[in-house]
Amino acid sequence: MLAMSQSSRVVAITGASSGVGRATAREFARTGATVGLLARGREGLEACAREVRSLGGRPVLLNSDVAEADEVQAAAERLEREHGPIEVWVNNAMATVFGEVHTITAEEYRRVTEVTYLGVVHGTLSALSAMRPRDRGVIVQVGSALAYRGIPLQSAYCAAKHAIQGFTESLRCELLHESSGVRVTMVQLPALNTPQFEVVRARVSRHPRPVAPIYQPELAARAILAAAEHPARREWWVGGSTALSVIGNAIAPGAGDRYLARSGYESQLAEDTIAPDRPDNLFGPVPGDHGARGRFSEESTRHSGQWLLTRHRRLLGAAGLASALAGAGAGAVSIKRRGR
């Protein structure tokens, strides 16, 4: 377990300028960490840096595109050279195209893969190059329920998240094989109210939206911090909808196909329309500071009963065992009395 109270801790976060990355930067800032902020959008990075500083952290702006391995490596080397060993690396950056498969071009699929999947590979390689020689450190992969369950209109994103899942499982086995002190864990997230729906490239006429239930990105940020604190757990599921998706797909994937064929379109489209030529962030950042939250706050919650249960499952398990033992003891006393 990491000594999370140490103010000298150095953390790197990709996709830090908005959404989950932005909320995660704030969460680590509250612990007093030095936070390396990797992203493309300069305005968002600068705004995030101000927030990190105001919360007690030390921001380091690392303007970079995770699709470019040399840029990620250069950012990692600068962060270590100027601020010390990286203890936590969070791979979070993503980009996607929202639409049916036949409407998305090969070039767009390639770009989504380069950012959302290969960005994780590049970040992981940079983290490993720093952590393996020291035999310590934590890599947190930001995943999704869609790493297990593909849904309509999100084939590019689902494919990338599936790839991250397989990549992480292979890496985990290799680290175990060499008895490495480096830990890797993955956080599978639910639908979140982030700005991605305002800047995503869309091949639909109506505004994209997250599938209810919707959670605020701060819940995801708390989960990522918890994963960094407890990296021995191989995977963290966040939100009841994530657990339902993963378990349901394992038990009855065909039923999931049919259900999503009926409901998966309407549940991802808002009422208002969007201009087909609106700016998007697939190949470059959309100007401005987009913050952590999107436009669906009125429908969103910061809390999850499932997350509380999984976060404290050992304590709850111990309480359940104690209750069961107490019940068994009371039953034994009752039987003994009746025997008399």
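Keep in mind it's a predicted model, so treat the numbers as computed, not measured. (Residues numbered from 1 in each chain as written. Predicted model: local features only at pLDDT ≥ 70, side-chain atom pairs only at ≥ 80, totals over all residues. Heavy atoms only, no water.)

## Topic: the overall build of the protein chain
Within the protein chain, the secondary structure is distributed over 11 helices and 13 strands. Compactness check: the protein chain gives a C-alpha radius of gyration of 22 Å against a globular reference of 20 Å for 340 residues, within 12% of the reference. Within the span of the protein chain, comprising 340 residues, buried residues form 53% of the whole. Across the protein chain, contacts joining residues at least 24 apart in sequence account for 76% of those joining residues at least 6 apart. If you sum the accessible surface of the protein chain, you get close to 15400 Å²; carbon and sulfur atoms cover 56% of it. Both charge centroids of the protein chain, one from 40 positive and one from 33 negative side chains, sit 12 Å from each other. (Helix = DSSP H or I, 4+ residues; strand = E, 2+ residues; numbered from the N terminus. Rg over C-alpha atoms; globule rule 2.2 N^0.38 Å. Buried < 20%, exposed > 50% of the residue type's maximum accessible area, 1.4 Å probe, protein only. Contact = heavy atoms within 4.5 Å. Areas by Shrake-Rupley, 256 points an atom, 1.4 Å probe, with all protein chains shown as cover. Lys, Arg positive; Asp, Glu negative; His and termini not counted. Charge placed at Lys NZ, Arg CZ, Asp CG, Glu CD.)

## A few points about the sheet that holds strand E4 (residues 86-91)
In space, the 7 strands of this open sheet follow the order E3-E2-E1-E4-E6-E7-E11, with parallel pairing throughout. Each end of this open sheet is capped by a strand with a single partner; those strands are strand E3 (58-63) and strand E11 (235-237). On average, adjacent strands in this sheet sit at an angle of 15° to one another, irrespective of strand direction. Those strands touched by helix H3 (residues 69-83) are strand E1 (10-14), strand E2 (34-39), E3 and E4, and its axis lies near 150° from that of E3. Each of strand E6 (137-144), strand E7 (182-189) and E11 touches helix H5 (residues 155-177); the most contacted strand, E7, lies at about 155° to it. (Pairing = 2+ DSSP bridges. Axes fitted to C-alpha atoms, helices over the stretch in contact; angles between N-to-C directions.)

## Overview of the packing of aromatic side chains
For any pair of aromatic rings, geometry is given as the distance between the ring centres together with the angle between the planes. Applying the stated rule across the entire model yields 3 aromatic pairs. Of note, Arg233 hangs over the ring of Trp236, and the distance from its end group to the ring centre comes to 3.8 Å. (Phe/Tyr/Trp six-rings, centres within 6.5 Å; stacked < 30°, edge-to-face > 60°. Lys NZ or Arg CZ within 6 Å of the ring centre and 35° of its normal.)

## Digging into unusual backbone geometry
The peptide bond linking Ala212 to Pro213 adopts the cis configuration, its omega dihedral lying at 0°. Position of Pro213 relative to the elements: it lies in the loop between strand E9 (206-208) and strand E10 (214-215). Here the phi dihedral of Asp135 falls at roughly 60°; this positive angle occurs in a residue that is not glycine. The topology assignment puts Asp135 in the loop between helix H4 (106-131) and E6.

## A word on H5
Taking 1.5 Å per residue as the helical rise, H5 with its 23 residues ought to reach 33 Å, and the 33 Å between its terminal C-alpha atoms agrees with that figure. On its buried side, H5 packs onto strand E5 (97-98), H4, E6, E7 and E11. In the stretch just after H5, Ser179 is the one whose phi turns positive, near 50°. (Expected span 1.5 Å × (residues − 1).)

## So, the confidence of the model for the protein chain
Overall, the prediction assigns the protein chain a mean pLDDT of 92, with 90% of residues at 70 or greater. The low-confidence segment residues 1-6, where pLDDT is below 50, has 14 contacts with residues more than four positions distant or belonging to other chains. In the predicted structure, residues 319-336 sits below a pLDDT of 50 and forms 0 contacts with residues beyond four places in sequence or in another chain. (pLDDT = per-residue confidence, 0-100.)

## Considerations on the pattern of salt bridges
Two side chains with opposite charge may pair up if their charged atoms get near one another. Considering all chains together, one arrives at 19 salt bridges under this definition. Salt-bridge contacts for Glu51 lead to Arg26; the nearest nitrogen and oxygen are separated by 2.8 Å. One end of the pair, Glu51, is in helix H2 (residues 42-54); the other, Arg26, is in helix H1 (residues 19-29), with 25 residues separating them in the sequence. The exposure class assigned to Arg26 is buried, which follows from its relative accessible area of 17%. Here Arg203 ties to Glu108 by a salt bridge, and the two come within 2.2 Å at their closest N and O atoms. On the criterion of sequence distance, the pair formed by Arg203 in the loop between strand E8 (201-202) and E9 and Glu108 in helix H4 is long-range, its members being 95 residues apart. Residue class for Arg203 comes out partly exposed when judged on its relative accessible area of 33%. Among the ionic contacts, a cluster of salt bridges with common partners joins Arg22, Arg26, Glu51, Glu218, Asp289 and Arg293. (Salt bridge = Lys/Arg side-chain N within 4 Å of Asp/Glu carboxyl O.)

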